[in-house]
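Breakdown of the fold
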Amino acid sequence: MRIGPDDALLVIDPQNDFCEGGSLAVQGGAGIMPAINRLAERFERVIVTQDWHTPDQISFASNHPGATPFTEIEVAYGRQMLWPDHCIQGTPGADFHPDAAPAVRRALAVIRKGCNPAVDSYSGFFENDRRTPTGLSGLLRELGVARVFLCGLAYDYCVRFTAEDAVREGFEAAVIRDASRAIAPQTEAAAQSRFAALGVVEVEAAELLNAF
């Protein structure tokens, strides 16, 4: 598979809190940053997403007395997983991981998501209410993008839902498997099943880099 003139790289949430030592660390998260940087060098269009929560975010278990992280509750827009506090606006945990700095410098835009305390956001396209857009779709169309390649954290949540929404918004989507990491095996398997059903292609970074 070759990178074409209508392609864009979406780097999903390469932030400190999702890497080792962070409050919602994904195993091996920091280890994918060198591959992401190499990929970013090959794309003319790079866009980065950033979780950007307020302390009273509805998805934080700490805001629900008696609740524990990694359990689900019912909210106005449906089922919502509860998480440890993470990526709070202006905190070091919300900052981009230093090893991702080259990719972030190449970004044409940073799409912040999850800013509304009443609605969580996994996808780079829509908040979890499935109605509120982030502006990413319009930006990609303005740039003439037809296909997006996705990488980052986490494969089974924010990468997954961004890829799904990319297809729904009319873009082709490919997930760079070895430049992403998952939170848990069961949700990783669910993501793979959804990708297969929606026609989201999975590729390896070397396939793209060697074909350049």
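What you see as residue numbers is a count from 1 along each chain, following the sequence as written. The predicted origin of the model limits local features to residues at a pLDDT of at least 70 and limits the giving and counting of side-chain atom pairs to 80 or more, whereas totals for whole chains, interfaces and linings rest on all residues. Heavy atoms from the whole structure form the basis of all side-chain values; hydrogens and water molecules are not counted.

Definition in use: UniProt positions are given in the numbering used here, feature names are shortened, and annotations may be inferred rather than shown by experiment.
Per an unreviewed UniProt entry, the protein goes by nicotinamidase and derives from Brevundimonas albigilva. Under the Pathway (unreviewed entry) heading, UniProt states for the protein: "Cofactor biosynthesis; nicotinate biosynthesis; nicotinate from nicotinamide: step 1/1." Its UniProt record gives the protein the following Sequence similarities (unreviewed entry) comment, quoted word for word: "Belongs to the isochorismatase family."

1. A few points about the overall build of the protein
Stated precisely, the cut-off is as follows: Secondary structure follows DSSP: runs of H or I at least 4 residues long count as helices, runs of E at least 2 residues long count as strands, and numbering of each begins at the N terminus. Throughout, radius of gyration means the C-alpha value; the globule benchmark is 2.2 Å times the number of residues raised to the power 0.38. By the convention used here, residues are in contact when the closest approach between their heavy atoms is within 4.5 Å. We count Lys and Arg on the positive side and Asp and Glu on the negative side, and we leave His and both chain ends out. Every charge is mapped to an atom, namely NZ of Lys, CZ of Arg, CG of Asp or CD of Glu.
A count of helices and strands for the protein gives 6 helices and 8 strands. Listing the helices and strands of the protein from first to last along the sequence gives β-α-β-β-β-α-β-α-β-α-β-α-β-α. Relative to the 2.2 N^0.38 estimate, which gives 17 Å for 212 residues, the radius of gyration of the protein is 16 Å and therefore close to what a compact globule would have. Considering only C-alpha atoms, the protein reaches an extent of 50 × 30 × 30 Å along its principal axes. In the protein, of all internal contacts separated by at least 6 residues, the share reaching a separation of at least 24 is 74%. Positive and negative side-chain charges of the protein, numbering 18 and 28 respectively, have mean locations separated by a distance of 5 Å.

2. Things to note about the sheet that holds strand β8 (residues 201–203)
Quick reminder of the rule: Pairing between strands requires that DSSP locate at least two bridges from one strand to the other. Note on method: axes are straight lines fitted to C-alpha atoms, helices fitted across the in-contact stretch only, with angles between N-to-C directions ranging 0 to 180 degrees.
One open sheet accounts for 6 strands, arranged β5-β2-β1-β6-β7-β8; its pairing is parallel. Across the chains shown, the open sheet's two edge strands, defined by having one partner strand only, are β5 (109–113) and β8. Taking each pair of neighbouring strands and ignoring which way they run, the sheet shows an average axis angle of 25 degrees. Both strand β2 (residues 46–51) and β5 contribute to a ladder of 5 bridges, which runs parallel. Its bridge partner lying in β5, Q50 is registered against R112.

3. Concerning helix α4 (residues 155–168)
Side chains that are three or four residues apart share a direction in an α-helix, a result of its 3.6 residues per turn. Selection rule: By definition here, a helix of n residues has an expected span of 1.5 Å times n minus one. Buried means the residue's accessible area, taken with a 1.4 Å probe over protein chains only, is under 20% of the maximum for its type, while exposed means over 50%, and partly exposed covers the values in between.
With 14 residues, α4 should reach 20 Å at 1.5 Å per residue; the first-to-last C-alpha distance of 18 Å fits that figure. Burial within α4 is extensive, with 11 of its 14 residues counted as buried. Buried residues of α4: Y155, D156, Y157, C158, V159, R160, T162, A163, E164, D165 and A166, and no others. Positive backbone phi, approximately 95 degrees, marks G170, located one or two places after α4.

4. With respect to the pattern of salt bridges
Put simply, the rule reads: Put simply, a salt bridge is a Lys or Arg side-chain nitrogen that is within 4 Å of an Asp or Glu carboxyl oxygen.
Counted according to the given criterion, the structure contains 13 salt bridges. One salt bridge connects D165 with R130, and the closest N-O pair in it is separated by 2.4 Å. Of the two residues, D165 sits in helix α4 while R130 sits in the loop between β5 and α3 (136–142), which places them 35 residues apart along the sequence. Classification of D165 as buried rests on a relative accessible area of 2%. Connected through salt bridges with shared partners, the residues R130, R160, E164, D165, R168 and R194 form a single ionic network.

5. Re the side chain of Q15
Note the cut-off: Counted as a polar contact is a pair of N or O atoms within 3.5 Å, where, for protein atoms, one must be capable of donating a hydrogen and the other of accepting one, and residues adjacent in sequence contribute only when both atoms are in side chains.
For Q15, the position within the fold is in the loop between β1 (7–12) and α1 (33–42). Of note is the side chain of Q15, whose polar atom sits 2.7 Å from the backbone nitrogen of D51. The contact partners of Q15, leaving out residues within four places of it in the chain, are T49, Q50, D51, C87, G93, A94, D95, F96 and H97.

6. Some points on the side chain of S121
Structurally, the position occupied by S121 is in the loop between β5 and α3. For S121, the side chain forms a polar contact with the main-chain oxygen of S123, separated by 3.3 Å. At a separation of 3.4 Å, a polar atom in the side chain of S121 contacts the main-chain carbonyl oxygen of F126.

7. Points about the packing of α4 against helix α5 (residues 185–198)
Two quantities define a packed helix pair, namely the angle between the axes and the distance from one axis to the other. To keep it simple, the criterion reads: Put simply, angles under 35 degrees are roughly parallel, angles over 145 are roughly antiparallel, angles from 65 to 115 are roughly perpendicular, and the rest are oblique. By convention the crossing between two helices is left-handed if the near helix lies anticlockwise of the far one by an angle smaller than a right angle, and right-handed if it lies clockwise. Asp, Glu, Lys and Arg are counted as charged, while Ala, Val, Leu, Ile, Met, Phe, Trp, Tyr, Cys and Pro are counted as nonpolar; the rest, among them Gly, fall into the polar class.
One way to put it is that α4 packs onto α5 with a least axis distance of 10 Å and a crossing angle of 15 degrees. Between α4 and α5, the interaxial angle falls into the category roughly parallel. Between α4 and α5 lies a crossing whose hand is left-handed. Of α5, the residues touching α4 (which contributes Y155, D156, Y157, R160, A163, E164, V167 and R168) are T187, E188, A190, A191, Q192, R194, F195 and L198. Of the residues in the contact of α4 with α5, the class split is 8 nonpolar, 2 polar and 6 charged.

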